[in-house]
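Observations on the model geometry
The primary structure of each chain is shown beneath.
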Amino acid sequence: MKGDFSRGIHPDRQRGRSYRRVLLQQRRLLLDSDLAAMVDAGDQLARDTVTGLSGESGSPDLGFLLTPGKLHALFDSLAGVHAQEGVDYYRDHDRRYLGRFPSLCVRNTATSAGQLNVPLKGKLSSGAYSLVLWTWSETTLNIEVSGGNASFVSVSIPASEGFARVVVNLTASSAQSGELLLRLPAGTPAFRVGLIEGNENSGPAPYLWAAYGQYHVRGLTVENPAYQAWPGVSFPASAGFPASDAWFESLAPNTRLVAYLEAWERGITHIEDRGVREEALGGGQDTTVRTQAVGQVKLAPIGSLTPEDVRFAFLGGPQATATLDVDVQEVEPEADPCALPMTGGYTGRDNRLYWMEVHEGGGLGTAVLKWSRDNAAELYGVTQISGSTVTMALGSDLRDGDLVEVLSEVIDLGDAAPASLGAGKLTLSRRMVGVLAKLVAQSSDEQGQARFRLVSVNNPTQDVVPNDPLRYGADGSRVKKVRRWHGLIQTQAAGGADPHNRVGLEDGLAVILRGTFEVGTYWQYEARRGAQNANGAWQSAPHGPERFCVPLAVLRKPATAAQPVVLEAWLDERYPRLGELDADDIRFGDERSFIGEATVQEALEALLTREPVQTVLLDRPGGGVDIPIPQGAEITADQLADGLILTAAQGFGLRHATDANCTLTLELPLPFTSADQALWGTDLVGYQPITLHGTVSAEGNLARWRPTASSQNWLLTKFSEVQRRDDAWELYGSQGSGPSWGWEKGPQEQLIQRGTSQPLFTANFVRGFWAINRQFAAHETVVLRSKWLNAMTSPSTIASGLVFDWRNSSNFSLVVYEHALMYVPSGTGSYNPNFTARLHVHDVRNGYVQPRHSHTIVSRYGMPPSAPHPLTLSFGPDGISFENTGAEEPALKSGSVDVKANLKGQRVGLYTSVPAEFWRLESTGLQGTQPLLPAVQRRGVRARLSLKRDGVRWLGRTSSEGLPFHKDYETWFWVLPSPASPYGYGGGFGSGFSGIGAGLIK
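What this report covers is the structure whose coordinates are included nearby.

What counts as what
- Residues numbered from 1 in each chain as written.
- Predicted model: local features only at pLDDT ≥ 70, side-chain atom pairs only at ≥ 80, totals over all residues.
- Heavy atoms only, no water.
- Helix = DSSP H or I, 4+ residues; strand = E, 2+ residues; numbered from the N terminus.
- Buried < 20%, exposed > 50% of the residue type's maximum accessible area, 1.4 Å probe, protein only.
- Contact = heavy atoms within 4.5 Å.
- Arc of directions from axis to C-beta.
- Core = buried A, V, L, I, M, F, W, Y, C linked by side-chain atoms within 4.5 Å.
- Polar contact = N/O pair within 3.5 Å; in protein donor to acceptor, adjacent residues only side chain to side chain.
- Pairing = 2+ DSSP bridges.
- Salt bridge = Lys/Arg side-chain N within 4 Å of Asp/Glu carboxyl O.
- Phe/Tyr/Trp six-rings, centres within 6.5 Å; stacked < 30°, edge-to-face > 60°.
- Patch = residues over 30% accessible without salt bridge, like charges linked within 9 Å, V, L, I, M, F, W, Y side chains within 5 Å.
- Areas by Shrake-Rupley, 256 points an atom, 1.4 Å probe, with all protein chains shown as cover.

1. Comments concerning the overall build of the protein chain
Along the protein chain, the regular secondary structure elements total 8 helices and 65 strands. When the 1002 residues of the protein chain are sorted by exposure, 48% land in the buried category. Relative to all contacts within the protein chain whose residues are 6 or more apart in sequence, the contacts with residues 24 or more apart total 70%.

2. Some words on helix α3 (residues 307-315)
Helical periodicity: at 3.6 residues per turn, an α-helix aligns residues three or four positions apart in one direction. Inspection of α3 places Val-310, Ala-313 and Phe-314 among the buried residues, and these make up the whole buried set. Seen along its axis, α3 keeps its buried residues to an arc of 95 degrees; they face one direction. Turned more than 90 degrees from where α3 packs its buried face, Glu-308, Phe-312 and Leu-315 sit exposed. Lining the buried residues of α3 we find β18 (256-268), β27 (420-422), β28 (425-427) and β37 (548-556). Phi for Gly-317, located one or two positions after α3, is positive at around 75 degrees.

3. Looking at the nonpolar core
Grouped together as the largest cluster of nonpolar side chains are 69 residues, with contacts concentrated most on Trp-230, Leu-261 and Val-297. Leaving out residues up to four positions away in the same chain, Trp-230 has contacts with Pro-206, Tyr-207, Leu-208, Phe-235, Asp-245, Phe-248, Val-297, Lys-298 and Leu-299. Judged by nonpolar contacts, the second largest core, of 36 residues, contains Ala-641, Phe-672, Leu-692 and Ala-703.

4. Quick notes on unusual backbone geometry
Between Gly-544 and the following residue, Pro-545, the backbone shows a cis peptide bond with an omega angle of 5 degrees. If you trace the backbone, Pro-545 turns up in the loop between β36 (522-527) and β37. A cis amide bond links Leu-670 to the next residue, Pro-671, at an omega of 5 degrees. Its place among the elements puts Pro-671 in the loop between β44 (662-670) and α7 (674-680). Of note, Asn-254 is a non-glycine position whose phi angle comes to about 70 degrees, a positive value. Position of Asn-254 relative to the elements: it lies in the loop between α2 (246-250) and β18.

5. Considering the side chain of Glu-526
Within the element layout of this structure, Glu-526 appears in strand β36. Taking relative accessible area as the criterion, Glu-526 reaches 7% and is therefore assigned buried. Here Gln-14 takes part through its side chain, which lies 3.3 Å from a polar atom of the side chain of Glu-526. Looking at Glu-526, its side chain comes within polar contact range of the side chain of Asn-533, at 2.7 Å. In this view, Glu-526 contacts Ser-6, Arg-7, Gln-14, Arg-352, Leu-353, Gln-532, Asn-533 and Asn-535; residues no more than four positions away in its chain are not counted.

6. Overview of the pairing of β18
For β18, the tally of buried residues reaches 11 of 13 residues, placing the bulk of the element in the interior. Pairing of β18 with β37, which is carried by 8 bridges, proceeds in the antiparallel orientation. Its bridge partner being in β37, Ala-259 is matched across the sheet by Ala-553.

7. A word on the pattern of salt bridges
Taken as a whole and assessed by the stated rule, the structure comprises 47 salt bridges. With a shortest N-O distance of 3.1 Å, Arg-577 and Asp-61 are connected by a salt bridge. Of the two residues, Arg-577 is situated in the loop between β38 (566-570) and α5 (600-609) and Asp-61 in the loop between β1 (57-58) and β2 (66-67); the sequence distance between them amounts to 516 residues. For Arg-577, a relative accessible area of 35% puts it in the partly exposed group. For the salt bridge of Lys-481 with Asp-412, the shortest nitrogen-to-oxygen distance reads 2.5 Å. Within this pair, whereas Lys-481 is found in strand β32 (residues 481-485), its partner Asp-412 is found in helix α4 (residues 409-413), the two being separated by 69 residues in sequence. For Asp-412, a relative accessible area of 18% gives the class buried. Three or more residues are tied together by salt bridges with common partners; here these are Arg-13, Asp-40, Asp-43, Arg-47, Glu-265 and Glu-546.

8. Some points on the sheet that holds strand β42 (residues 644-648)
The strand order β40-β39-β42-β47-β46 describes an open sheet built from 5 strands, whose pairing is antiparallel. In this open sheet, the two edge strands, each paired with only one partner strand, are β40 (627-628) and β46 (694-699). The pairing of β46 with strand β47 (residues 702-707) spans 6 bridges and is antiparallel. Among the inter-strand pairings, Gly-694 is bridged to a residue of β47, identified as Pro-707.

9. Quick look at the environment of Trp-972
Within the fold, Trp-972 resides in strand β65 (residues 969-976). Sequence separation of Trp-972 and Leu-945 is 27 residues, and the distance between their C-alpha atoms is 6.1 Å. Excluding its chain neighbours within four sequence positions, the residues that come into contact with Trp-972 are Pro-630, Gln-631, Gly-632, Arg-942, Ala-943 and Arg-944.

10. Observations regarding the packing of aromatic side chains
One pass over the structure, following the stated rule, counts 18 aromatic pairs. Centroid distance Trp-230 to Phe-248: 6.2 Å. Interplanar angle 65 degrees. Geometry classified as edge-to-face. With Trp-230 in strand β17 (residues 228-230) and Phe-248 in helix α2, this pair connects stretches of sequence that are 18 residues apart. Each of the two residues, Trp-230 as well as Phe-248, counts as buried. Centroid distance Tyr-525 to Trp-538: 5.9 Å. Interplanar angle 70 degrees. Geometry classified as edge-to-face. Separated by 13 residues along the polypeptide, Tyr-525 in strand β36 and Trp-538 in the loop between β36 and β37 bring together distant segments of the chain. By relative accessible area, which is 30% here, Trp-538 ends up partly exposed. These aromatic residues form a ring-pair network of at least three members: Tyr-97, Phe-101, Trp-134, Trp-136, Phe-163 and Trp-570.

11. Regarding a nonpolar patch on the surface
A cluster of nonpolar side chains, Leu-24, Leu-30, Leu-35, Met-38 and Val-39, forms an exposed patch at the surface whose accessible area comes to about 490 Å². Looking at where Leu-30 falls in the secondary structure, it is placed in the segment before α1 (32-54).

12. Topic: the environment of Gly-530
Note on placement: Gly-530 falls in the loop between β36 and β37. Note on Gly-530: relative accessible area 52%, which makes it exposed.

13. Focus on the sheet that holds β2
If you trace the 3 strands from one edge of the open sheet to the other, you get β2-β14-β17, paired in antiparallel fashion. With partners counted over all chains shown, the strands left at the sheet margins are β2 and β17, one partner each.

Scope: geometric values only; no functional claims are made or implied.
In structure tokens:
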């Protein structure tokens, strides 16, 4: 620190000593160095305390948090967030914005629109303004946003794999309330908001924003007093800096940068702050020097370095590349007070503190140092400058021929060149320096203020005009002060006349220089007339300045100035104040890799939410694809009889699953059987659990549960028999065909009339049957629409239709549309394709088929249409009509069959031999067109599959196993009697079902 000090501001620390207190004694002199040692001990204690609490660096708040736009909201807490009833919100620690702050998860479960109020960090201004919401949603959705008294605007939230940038443009007639209002339509699914910021472009300035708050860098606390934009946060316009940064503007698009915080201590004299001086002392003499902790956000290019590379480069800090040794002949103290002192050593008349500072950097032969015998304390204010003439403030003792450096606020705070990073090394930015000049005395002005002309150090006839636009302003108006130096040290190139680069100063002092010098580095030397102070070994490395740097963020300059700066990653450290500590602030020491989470909060949420089982599947012992069973799904008893497969989630193993910890329990309704009903009545009064007897085999990440033989037989027989109800519809019942049934399977999975070999219609197999349990009105018409029909290139028959007119299990009717391709002999030994489309109406009465009507729509030689032909089949009081909208086959266009039906009070079903997704069933009537959905006859029981935590092992990131850090696993599903009631519209029964059998309807 520059100033009129006897031993500097760290008199003990610079000697390698550390003391707790400095205690005054009676009748002793109090030196400035004693007071400096006292202050330095307290400062070091404070730094050690801060470092002990916060680590090497970090912020207890949002200090110097960088965002491309002004930060308006993030969700490290939910303070101030509130919502209307039905709007749910919480902090999501799994989906963090840039891996740092938890996001706000919000949804509306109400049947009407709801509102969420998010507090903002400061009020939004009136007029037009633009915000950015960083959102994460699994589906595209629309909400409305307002800034208080601004009108709501519609905003589309896109579906995204991560946080997406959503721009919101608002206009308000007056200042806002400090809240952002989100209006969510009824049923809005969950989405997340990670951060809310202003919408800024990267040019012109501001380029990015720094949040207000503190940051501790190696114990030195710096503070950003308000939300400020860069570069103004570091290089303020009030000091004379331009609003924009020419260096940033010159960077190529997509240049990657590190934004870092440089913390240092600045000396403040009465020249910078007039209030430091006590005017009662006459106004000409100052008494002390203040210091100020300065925090500046700076940028440096990083090329292709990763965030980890950048962090590593900052860990070691800058490395010294130059040394300076003071060459003084030591003199032994003379014991005899009457003896004359020996010559040699320092020969000056006064005890001094020398300051030697690099003015021009570089190697030997290029570097230039300036030195002062008074610790560079001689700083003088400038009241006016005109060209090369400066007018000094009163009290200046500058003289003709003095060497001075012309200074300004910009020089104090500014950089001449940015920092650089590479190969794990940080090179600090090059600080600005002032112009050196010699003073030529001029006549004083009218107020008696001394005036001088500035001339070149090397050429007294050449004036020096401080008019550099950046450092001094084009007219020199930013010149505020000059500092007197007592000489320059011109280094010699290596290998010159003096191989040691020994340069003499004065009074027996000389310096020896080595290495490459960086601008602003300095050395101090205590010169004493007698014995030297016991300062220990001389420190050849630079004595200062202290410049502590920590990385804040990785940025990227966008492709155009119309786009915002891209924030790639935050590199800063954050920690909570002790009174604000929560579980998300405490690291989780997961040495055994049981959780894989970073904080206690994440570990707790993993405990509550992480499931060890990823999927439960229907086992297919005979081969085929195992079918997943989501929670709440429906399966049949015969499917359950084949067993279940549990697959482990990532990181888990199931080889410890056994019969004891993996069980399946059925919740049987009470009363369940007819005997129960006779005893307890027919009303449902509760459920009785029964754990099925089963076996578990496990290996690796799979576990198989299978019922024992007795449990399997019970599922296939007794369970289904007891569970059937008269109003449940079945397909291909387990009874098989018999004399009381009108249909049976033919030799090729065809429907044949009972007692004959004639096929009713030649459907190869039936894909499914759906029942619509609804009372129809007399005027309603059932409409069957399909995506039919794709081209047929080989002999096959497909059939679909309606089942209606239920009376009982042996009385119903069918309307069937048949579409067939076959090859018939041509008489010449070859076969020709024959395409046929027919419409059949059959009645089943008392279990026997009574053909009622058969209408051939088209029958001709040739292939069927090559393009799909959508088919519409209508059935109602006006008869049966059909329409095919395909353009290639006019004969399939339309037609009708005079079979009328009154559907009032009936139930209608859909029968098809093609995949269910081909069909859509509708009803048309006075209420317009309505979709007909299948009846879901839930006559099954709930089954609960559970796996205790001791049946699972967490494998984590290592090969070793450990006890699971999770809850017990449980899922549930419905078990329906065999054969099942309809799965639901569009599901079908799969290709495993082959034909309509005796138990079509019961």
